[in-house]
Amino acid sequence: MRYVIVSVVKGKAGNFNNNLRKEVFQKFNAKSSKLPPHFTIKAPFEYDDIEELEEVLQNFCKTHKRAPYKIKNYNHFDNRAIYMEVIMSKEGKKLHDDLFDELNKISYINFGEKDGKDKIFHVTISSKKIQTIFDELWDYVNSIPCDFDCEFDNVSIFKWKNNTWILHKEYKFN
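Parameters at a glance
Residues numbered from 1 in each chain as written. Predicted model: local features only at pLDDT ≥ 70, side-chain atom pairs only at ≥ 80, totals over all residues. Heavy atoms only, no water. Pairing = 2+ DSSP bridges. Helix = DSSP H or I, 4+ residues; strand = E, 2+ residues; numbered from the N terminus. Axes fitted to C-alpha atoms, helices over the stretch in contact; angles between N-to-C directions. Contact = heavy atoms within 4.5 Å. Buried < 20%, exposed > 50% of the residue type's maximum accessible area, 1.4 Å probe, protein only. Patch = residues over 30% accessible without salt bridge, like charges linked within 9 Å, V, L, I, M, F, W, Y side chains within 5 Å. Areas by Shrake-Rupley, 256 points an atom, 1.4 Å probe, with all protein chains shown as cover. Salt bridge = Lys/Arg side-chain N within 4 Å of Asp/Glu carboxyl O. Lys, Arg positive; Asp, Glu negative; His and termini not counted. Charge placed at Lys NZ, Arg CZ, Asp CG, Glu CD. Core = buried A, V, L, I, M, F, W, Y, C linked by side-chain atoms within 4.5 Å. Disulfide = S-S within 2.5 Å.

Judged by pairing direction, the sheet is antiparallel, and its 4 strands sit side by side in the order 2-1-7-8 without closing on themselves. Every other strand in the sheet has two partners, leaving strand 2 (38–46) and strand 8 (164–172) as the edge strands with one partner each. Put simply, the sheet's adjacent strands are angled 25° from each other on average, direction ignored. Alignment of strand 7 (residues 154–161) against strand 8, held across 8 bridges, turns out to be antiparallel. Bridge pairing links I157 to K169 in strand 8. Packing of helix 2 (residues 51–62) onto the sheet brings it into contact with strand 1 (2–8), strand 2, strand 7 and strand 8, and relative to strand 8 it is tilted by some 40°.

As structure tokens, then:
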């Protein structure tokens, strides 16, 4: 089974991202992820029995507190992806790094450069074949103000089923 571990962005910032992704799809036919608004904790991986992962996440979230972060303005990865920029607080970065350390102990969880401790926290707007419309899309997105106070308050596992990501389990921090 294929899984991904993320933190879902909820509230005003999550709604904003959902609406903006729909807008850019309607105006530019620019597609995005099939996941809800999120920042990635662990990129997709394959494994059959994730009971150990579930136990680690449950215990970790019970013993750790949520942490603030900001989403402010936009950025991009070359001309391949446009995203809302996450400005992680010190507390949020420590929470993420402590979670990383726990997940890294699980034999089938292998982190790459893009989902390690030094990742660029971001919430994607569009990332599917946008090179030919990048400049127009970039100008459009930047015309819309983006400034939100958020909470790193959950860790969610999604599984790939029927050609989409389905929520497997959500864990909430205290």
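Structure shown, so let's carry the discussion forward.
Once that is clear, we can look at the side chain of R21. Within the element layout of this structure, R21 appears in helix 1 (residues 11–28). Residues in contact with R21, not counting those within four places in the same chain, are S32, S33, L35, P36, P37, T124 and I125.

Moving on, we come to the pairing of strand 6 (residues 147–152). The two faces of the sheet receive side chains in turn, since in a regular strand these alternate between them. Burial along strand 6 is one-sided: F148, C150 and F152 are buried, and none of D147, D149 and E151, which face the opposite way, are. As defined by bridge partners, strand 3 (residues 67–77) adjoins strand 6 across 6 bridges and the pair is classed as antiparallel. Opposite K70, over in strand 6, you have D149 as the bridge partner.

Attention shifts here to a positive patch on the surface. Taken together, the side chains of K31, K34, K128 and K129 present a region of like positive charge at the surface. Within the fold, K129 resides in the loop between strand 5 (122–126) and helix 4 (134–142).

Among the nonpolar cores identified, the biggest contains 50 residues, and L53, Y69, I71, Y74, L103, F152 and V155 are the most heavily contacted of them. Filtering out sequence-adjacent residues up to four positions away, F152 remains in contact with S7, F39, I41, R66, A67, Y69, M88, G92, L95, H96 and F173. With 6 residues, the next largest nonpolar core counts V4, V6, V8 and W165 among its residues.

Summed over the entire model, instances satisfying the criterion amount to 0 disulfides. We note that C146 lacks a disulfide partner, and the nearest cysteine sulfur, in C150, lies 8.6 Å from it. In this structure C146 comes out as buried when scored by relative accessible area, which is 4%. Its relative accessible area of 10% is what places C150 among the buried residues.

The strand order 5-4-3-6 describes an open sheet built from 4 strands, whose pairing is antiparallel. In this open sheet, the two strands that pair with only one neighbour each are strand 5 and strand 6. Put simply, the sheet's adjacent strands are angled 35° from each other on average, direction ignored. Lying on the sheet, helix 1 is in contact with strand 3, strand 4 (81–88), strand 5 and strand 6; it crosses strand 5 at an angle near 25°. Against the sheet, helix 4 makes contact with strand 3, strand 4 and strand 5, and its axis sits at roughly 145° relative to strand 3, the strand it touches most.

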